[in-house]
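# A structural walkthrough
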Amino acid sequence: MAAKPIIIDCDPGVDDAIALLLAFASPELNLLGITTVAGNVPLSLTAKNARKICELAGRTQIPVYAGCSRPMMRSLTTAEEVHGKTGLEGVDLPEPQMPLQSQHGVDFLIDTLMSSSGEITVATLGPLTNLAIALIKEPRIAAKIPEVVLMGGAISQGNVTASAEFNLYVDPHAAHVMFSSGIKLTMFSLDVTHQVLTTPERLEKIRAIATPVGTAAANLLGHYSSRDAERFEMTGGPLHDPCVIAYLLQPDLFNYRDCYVEIETASELTLGRTVVDLWNSSGRSPNTKVAQTADSERFYQLLTERLAKL
Ligand code: RIB
Ligand code: CA
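For the structure given in this document, a descriptive report is provided here. (Residues numbered from 1 in each chain as written. Chains lettered and ligands numbered in written order. Predicted model: local features only at pLDDT ≥ 70, side-chain atom pairs only at ≥ 80, totals over all residues. Heavy atoms only, no water.)

## Regarding the coordination of the calcium ion (ligand 2)
Rules: Think of the donor list as every N, O and S atom within 2.8 Å of the metal, or within 3.2 Å for Na, K and Ca; water never makes the list, so a site can look incomplete. Each helix is a run of DSSP H or I of at least 4 residues and each strand a run of E of at least 2, with the numbering of both proceeding from the N terminus.
The coordination sphere of the calcium ion (ligand 2), as far as protein atoms go, consists of Asp11 (OD), Asp16 (OD), Asp16 (OD), Leu125 (O) and Asp241 (OD), spread over 2.2 to 2.6 Å. In primary sequence terms, the donor set of the calcium ion (ligand 2) follows D-x4-D-x108-L-x115-D. Residue Leu125 is located in the loop between strand 4 (121-124) and helix 5 (129-137), and its partner Asp241 is located in the loop between strand 8 (237-238) and helix 11 (242-249); the two are separated by 116 residues in the primary sequence.

Take a look at the structure:
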């Protein structure tokens, strides 16, 4: 079967880094390019970190682009307390030698989608600023995107406020653009990513790969997981972004429910909240496939097996 053409938009960030490594190790995916956005850390660092991970995995042929340096309307909120000052707490990777592409990430999205003869799936792992701006600038790209698979949102508790998840909190207006676009969306919210926990046992299996990539992944996850495990009183830290890539590889790792989802963009109290109409109270047609449950054992088997290939 031909490899699926995808573009990954991300804000590396530790879990973004693991998601990139999983994509690099998966021949089922044809990664056309990586666009970076301000989120976990400022754009200068997300654009650098994406290249550091490409070089770690020997994937320097994959072009990396810098996109938007701030959300559409709000000022930038970052998460150094989660990902460290560099955005890749736990490893000290060399300064990247591969170039950052000169084209803006938004224009790469537009040009690649408009010039493609076929469809391209877009996987978003950070705030949706780049994709929303691309869609506003060139609405015709919608016809070339069969699916946007996104990590973001919260049906129950948020992780930045009680009601909002980080990616959609950072840029709720971009999220509104995407959730009202009519493009097929598949959403991995905190409700499912909090079922995918990097427990000590799973972390040790990754560390036992004992390659530069395996060791780096274990060191990244070690720091990242311990904080969240403690904060959320769980047996391990939730692993958010790799769920998006795992879905593209093995969709039966999860199950789903089609729902109408809307984004809160006005209330300061609940800004960025995904209002997920699970029981169709609104009578509105579903606009999102919402992941509900995860087979976390099989997820970590896939992740560990693929990381060992790099
Ligand atoms: O809320 C978790 C999400 O926000 C993840 O994508 C993490 O990398 C941050 O971007
Ligand atoms: Ca992310």
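## Concerning the packing of aromatic side chains
What counts, and what does not: Two rings from Phe, Tyr or Trp (for Trp, the six-membered ring) form a pair when their centres sit within 6.5 Å of each other. Planes less than 30 degrees apart are called stacked, planes more than 60 degrees apart edge-to-face, and all others tilted. Throughout, exposure labels follow a simple rule: accessible area from a 1.4 Å probe, protein chains only, divided by the maximum for the residue type, with under 20% read as buried, over 50% as exposed, and the rest as partly exposed. Criterion for a charge above a ring: Arg CZ or Lys NZ at most 6 Å from the ring centre, at most 35 degrees from the ring normal.
Taken as a whole, this structure holds five aromatic pairs when the rule is applied. Note on Tyr65 and Phe108: the rings are 4.0 Å apart at their centroids and 20° apart in plane angle, and the pair reads as stacked. A residue pair is termed long-range when its members are at least 10 positions apart, and Tyr65 in strand 3 (residues 64-66) and Phe108 in helix 4 (residues 105-115) qualify at 43 residues. Grouping residues by exposure puts Tyr65 and Phe108 together as buried. Seen in terms of ring centroids, Phe299 and Tyr300 are 5.1 Å apart; in terms of plane orientation they differ by 75°. Their pairing is edge-to-face. You'll find Phe299 and Tyr300 in the same group, each marked buried. Here the aromatic cluster, defined as three or more aromatic residues joined through ring pairs, consists of Phe188, Tyr247, Phe254 and Tyr256. Positioned above the aromatic ring of Tyr169 is the side chain of Arg74, whose terminal nitrogen or guanidinium carbon lies 5.1 Å from the ring centre. Here the guanidinium or amino end of Lys289 rests over the ring plane of Tyr256, the centre of that ring lying 4.7 Å away.

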